[in-house]
Amino acid sequence: MSRWALKGLKTGVVTTSYPGGDERASGISPGLPVSGTTNQAVIAACPVHALDNGGVRRNRCIDCYRCARTQGENMAWDRGFEWAQVKKEAVLPAPFKHAVNIRVLDAGDCGACLSEIEQLNNPYYNMHRLGFFITPTPRKADILIVAGTITKQMRPVLMKTWEAMPTPKRLIAVGACALTHGVFGQDSPVLSDILPVDVAIPGCPPPPLAIIHGLLAITGRKPGSDWEVE
Amino acid sequence: MDISQLAENIHEFFPAASLFSGPESLNITCDKNVAPGVCDLLFNRAHCFFMGLDWGQQADEIHVIYLFLGPGNEYIEVQTGTKKTDPVFYSVSQAVHAADWYEREAAHVLGVDFTGHPKLGDFVTHNDQPPTRVLDAEGAFIMPIGPVFSGVAESIHFRLETIGEEVIRTVPKLFYKRRNIEDLAVGRTSGDVVLLAERFAGTTAISHALGYCMAVESISGTDVPKRAVFLRVFLAEMERIRHHLGVIEGICASTGLGVAASQVAVLHEEALRITGTVTGHRYGFGMVVPGGLSLDLPDDACLTAVNQVDDIVKRLEGIERLLVKTTTFLDRLEDVGVVTKTDALEHGMVGPIARASGVCADCRRSKPYGGYDVLRPEIPCEQEGDGFARLRVFFAEIRQSTVLMRRALENAGAGPVFSRVTPKAGMKTACVESPRGLAVHRVRVDADFRVQHYRVFSPSFANWHGFHTAAEDFAFQDFPIILATFGLSVAESDR
Ligand code: SF4
């Protein structure tokens, strides 16, 4: 056992300086286009209609890079991660600033969103230091994070989980699938048609820091992104 | 027995079956009452590997196709049909147990019957009867787990039948996450469907995109440029390393070895960042497209990546050395979750799990595709089939993959990474060895290059089918460990 303790100590601290400082390491984010294009061919090539004349509907973008690569358009790309849009009136009051319990629900994701959520416990991100804890039971949870397109079989499960949570509670939609069905584009309802979404975090998948930004935004410790909610 | 002898054999026993041999393929069309016999011969006597069950519908006919890999890894298709007015087939799963789940799925989705199948019914949508108990003892009960359970876990439901401490058997129920990807693909352009293929399992997106693209490219007869071929190997092996790091992290965490789990987690995140740096995306989405790659990767960036991965592996080996000396850790893995070789073969299990049980199959060797014929990777295998054997396979494969990454880079040379794909109608099957095992993609496109039919036999589906063999007669607290050593994806199985 002592060998392990030593090993741990030797590794030192790798945790990101965000939100206190800036995080600029390479490979922390897939990015999202910042501004659109007026090139009709590029607009038409976007598989999820995330581009319209000059604008980007970021909640739709699935990070396929088609606009930038295959179409060769010089897209302005945001390599950051502060993307979460938050409903102003939903920001949690002060008592929640120190310890928030989160239940994560996979409503039909491909595994990438979930993998990024798992990274939140990674020493690189260590969200415990910020007072965020993942709880196995909805009865203890203040926040529900939902990832994935809402499948028919998961919808009743989602409702039960949400109803089991005490108020006040908040709902965070993570990733293009939960926001807009992403690439799947079914005509079934998306999360916001079923339940009131308080925070929307775009990306396919949103990187861990984007999710942390969302959590900080709902607890009033960071401003949300000023992109409009679709 | 080689494929021509096999064909003769079938012809001798089943004279009514019509046979058609192509290059590296054998198509057998037969009456539905003959199909179980043919499959029995293929599976039990010729020891062909059962890959999966595909289906199709014409005006008034439904047909099913049982796919096997022949003695020389040829594709063998056994096709049989029935009128829609008489939607009944004869089950082959008595003889070919690996086909059991496939028939259940087909029965439910197509609304057909497989006479002789032990358990048909609601397989996909969960409206079926309450669970049945097999155990008749005092205090016996069924412990339900999921679909929402644990901290961060994919949605799946388990029924653990128990008399208290010891679990007698485990029944997994999947398909909560069924997104119907294969159906959604129909009618979309072949270029758009690769985006769906990536999302069968986001954590192994590159492999699935590769499988799909290989099928499409072989339909159109596209020659993928050499550089793209080897850069794809480079990416696929990087993905394998990243995936296995995630599994090893999960195994450490499941045994309560916090420091080790964090140590591996650090490496996992670094691998994600390397992928992100090289491809722009942490999971490599959008890289593999029909015809090659969407982006050329600069050599120096790739070289840096390999060196960084080497460093990760070096540090991982340090952790491994400590792990194999930590008895509290080994005690929880050894003799836990054992899959015997017989079970693995019977259930058609694949990938690292099968390879830990003495089934040394890997289609990078047995049916080499894009570049692997040159690279000829070593395939690490173990015999015991327990949790520790699986862990050793994961470690060994990571080591092997770094070697492959470097060699792929050496072989890549200069040149383009994309060639145009000319639309052509057709149907093809492609096999890739994804990190979780053999993934089979079957694609049919029309003359406009729109997808008409898409079917994937995923490694997770095959391995979930065999999962129960490892989860019998164990203590409750071992359940998360068994689960972790399997390292399966639910999304990939549910599709
Ligand atoms: S990356 Fe893909 S989904 Fe996003 S805007 Fe560009 S084309 Fe559309």
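**Student:** Help me understand the state of the cysteines in this model?
**Tutor:** The bond known as a disulfide is covalent and runs between the sulfur atoms of two cysteines. All names here are of chain B. Overall, the coordinates contain 1 disulfide over all chains when judged by the stated rule. The side chain of C360 participates in a disulfide bridge whose partner is C381; the two sulfur atoms lie 2.0 Å from each other. On the criterion of sequence distance, the pair formed by C360 in the loop between α12 (351-355) and α13 (363-366) and C381 in the loop between α14 (372-375) and α15 (387-412) is long-range, its members being 21 residues apart. With a relative accessible area of 22%, C381 lands in the partly exposed category.

**Student:** Can you walk me through the sheet that holds strand β6 (residues 100-106) of chain A in this structure?
**Tutor:** Strands in a sheet are paired, the pairing made by backbone hydrogen bonds, and the direction either parallel or antiparallel. Residues and elements named next belong to chain A. Taken in spatial order, the 6 strands make up an open sheet running β5-β10-β9-β8-β6-β7, and their pairing is mixed. With partners counted over all chains shown, the strands left at the sheet margins are β5 (85-86) and β7 (132-134), one partner each. The pairing of β5 with strand β10 (residues 199-201) spans 2 bridges and is antiparallel. Each bridged residue has a counterpart across the sheet, and for V86 the counterpart in β10 is V199. Strands in contact with helix α4 (residues 154-164) are β6, β8 (143-147) and β9 (170-174); relative to β6, the strand with the most contacts, it is inclined by about 170°. Against the sheet, helix α7 (residues 208-218) engages β5, β6, β7, β8, β9 and β10, with an angle of about 165° to β10.

**Student:** Is there a simple way to explain the layout of surface pockets in this structure?
**Tutor:** Vacant regions in the atomic arrangement are exposed by a probe of water-molecule size rolled over the atoms. Taken as a whole, the largest pocket spans an internal volume of roughly 1,500 Å³. As for the largest pocket, its lining consists of 47 residues, of which A:E118, B:V152, B:A153, B:G246 and B:G250 are closest to the centre. When contributions to the lining of the largest pocket are tallied by element, the ones reaching two or more residues are α3 (112-118) of chain A together with α7 (226-254), α8 (258-279) and α17 (479-486) of chain B. At 8 residues, α7(B) tops the list of elements feeding residues into the lining of the largest pocket. Tallied by class, the residues present in the lining of the largest pocket amount to 22 nonpolar, 20 polar and 5 charged.

**Student:** Is there a simple way to explain the interface of chain B and chain A in this structure?
**Tutor:** How big an interface is tends to be reported as the loss of accessible area on association of its parts. Contacts between the two partners involve 61 residues from chain B, matched on the other side by 55 residues from chain A. Carbon and sulfur atoms supply 60% of the area buried between chain B and chain A, which totals about 4,800 Å² over both sides. On inspection of chain B and its partner chain A, the count reaches 4 salt bridges. Residues B:D192 and A:R66 are paired through a salt bridge, measuring 2.9 Å at the closest nitrogen-oxygen approach. On inspection of chain B and its partner chain A, the count reaches 29 residue pairs in polar contact (both at pLDDT 80 or more). For the side of chain B that touches chain A, the residue count by class is 28 nonpolar, 21 polar and 12 charged.

**Student:** Help me understand the environment of A:P207, please; the structure alone is not making it clear to me.
**Tutor:** Along the chain, the position of A:P207 falls in the loop between β10 and α7. For the pair A:P207 and A:V174, spaced 33 residues apart in sequence, the C-alpha to C-alpha distance is 9.9 Å. Excluding its chain neighbours within four sequence positions, the residues that come into contact with A:P207 are A:I28, A:S29, A:P30, A:F81, A:W83, A:E116 and B:R282.

**Student:** What is the right way to look at α7(A) in this model?
**Tutor:** Spacing of three or four residues puts side chains on the same side of an α-helix, whose turn is 3.6 residues. Residue and element names in this part refer to chain A. Most of α7 sits out of view: 11 of its 11 residues are buried. Considered for burial, the residues of α7 that qualify are P208, L209, A210, I211, I212, H213, G214, L215, L216, A217 and I218. With its phi angle positive at about 75°, G220 sits one or two positions after the end of α7.

**Student:** Looking at this structure, I do not really get helix α9 (residues 299-323) of chain B. What am I missing?
**Tutor:** With 25 residues, α9(B) ought to run about 36 Å at 1.5 Å a step, and its terminal C-alpha atoms sit 35 Å apart, in line with that. Within the sequence span of α9(B), burial applies to B:C302, B:A305, B:V306, B:V309, B:I312, B:V313, B:L316, B:G318, B:I319, B:E320, B:L322 and B:L323.

**Student:** Explain the domain arrangement of chain A here, please?
**Tutor:** All names here are of chain A. Taken domain by domain, chain A holds domain 1 (32-78) and domain 2 (85-218). Each of domain 1 and domain 2 has a C-alpha centre, and these two points are 26 Å apart. Overall, the association of domain 1 and domain 2 removes approximately 660 Å² of surface from exposure, summing both partners, and the carbon and sulfur fraction of that is 61%. Seen at the junction of domain 1 and domain 2, the total is 0 salt bridges. Linking domain 1 with domain 2 are 3 residue pairs in polar contact (both at pLDDT 80 or more), by the criterion used here. Across the side of domain 1 that touches domain 2, the residue classes break down as 4 nonpolar, 1 polar and 3 charged.

**Student:** What is the right way to read the pairing of β9(A) from this model?
**Tutor:** Regular strands show a simple pattern: their side chains alternate between the two faces of the sheet. Residues and elements named next belong to chain A. In terms of burial, β9 is a largely internal element, 5 of the 5 residues being buried. On β9, burial covers both faces: R170, I172 and V174 on one face and L171 and A173 on the other are all buried. Strand direction decides the pairing type here: β8 and β9, joined by 5 bridges, are parallel. Looking at the pairing, I145 lines up with I172 of β9. As for the winding sense of the linkage, the β-α-β connection from β8 through α4 to β9 is right-handed. As paired strands, β9 and β10 are joined by 3 bridges and run parallel to one another. Within β10, the residue paired with A173 across the bridge is A200.

Scoring rules and cut-offs
Residues numbered from 1 in each chain as written. Chains lettered and ligands numbered in written order. Predicted model: local features only at pLDDT ≥ 70, side-chain atom pairs only at ≥ 80, totals over all residues. Heavy atoms only, no water. Disulfide = S-S within 2.5 Å. Helix = DSSP H or I, 4+ residues; strand = E, 2+ residues; numbered from the N terminus. Buried < 20%, exposed > 50% of the residue type's maximum accessible area, 1.4 Å probe, protein only. Pairing = 2+ DSSP bridges. Contact = heavy atoms within 4.5 Å. Axes fitted to C-alpha atoms, helices over the stretch in contact; angles between N-to-C directions. 1 Å grid on protein atoms, 1.4 Å probe; cavity = no way out; pocket = protein on both sides within 12 Å on 5 of 7 lines; lining within 4 Å. Points joined across faces, edges and corners; volume = space filled by probe spheres on them. Nonpolar A, V, L, I, M, F, W, Y, C, P; charged D, E, K, R; others polar. Buried area = accessible area lost by both parts, 1.4 Å probe. Salt bridge = Lys/Arg side-chain N within 4 Å of Asp/Glu carboxyl O. Polar contact = N/O pair within 3.5 Å; in protein donor to acceptor, adjacent residues only side chain to side chain. Expected span 1.5 Å × (residues − 1). Domains from an automatic or database assignment. Right-handed = clockwise from strand over helix to strand, strands pointing away.

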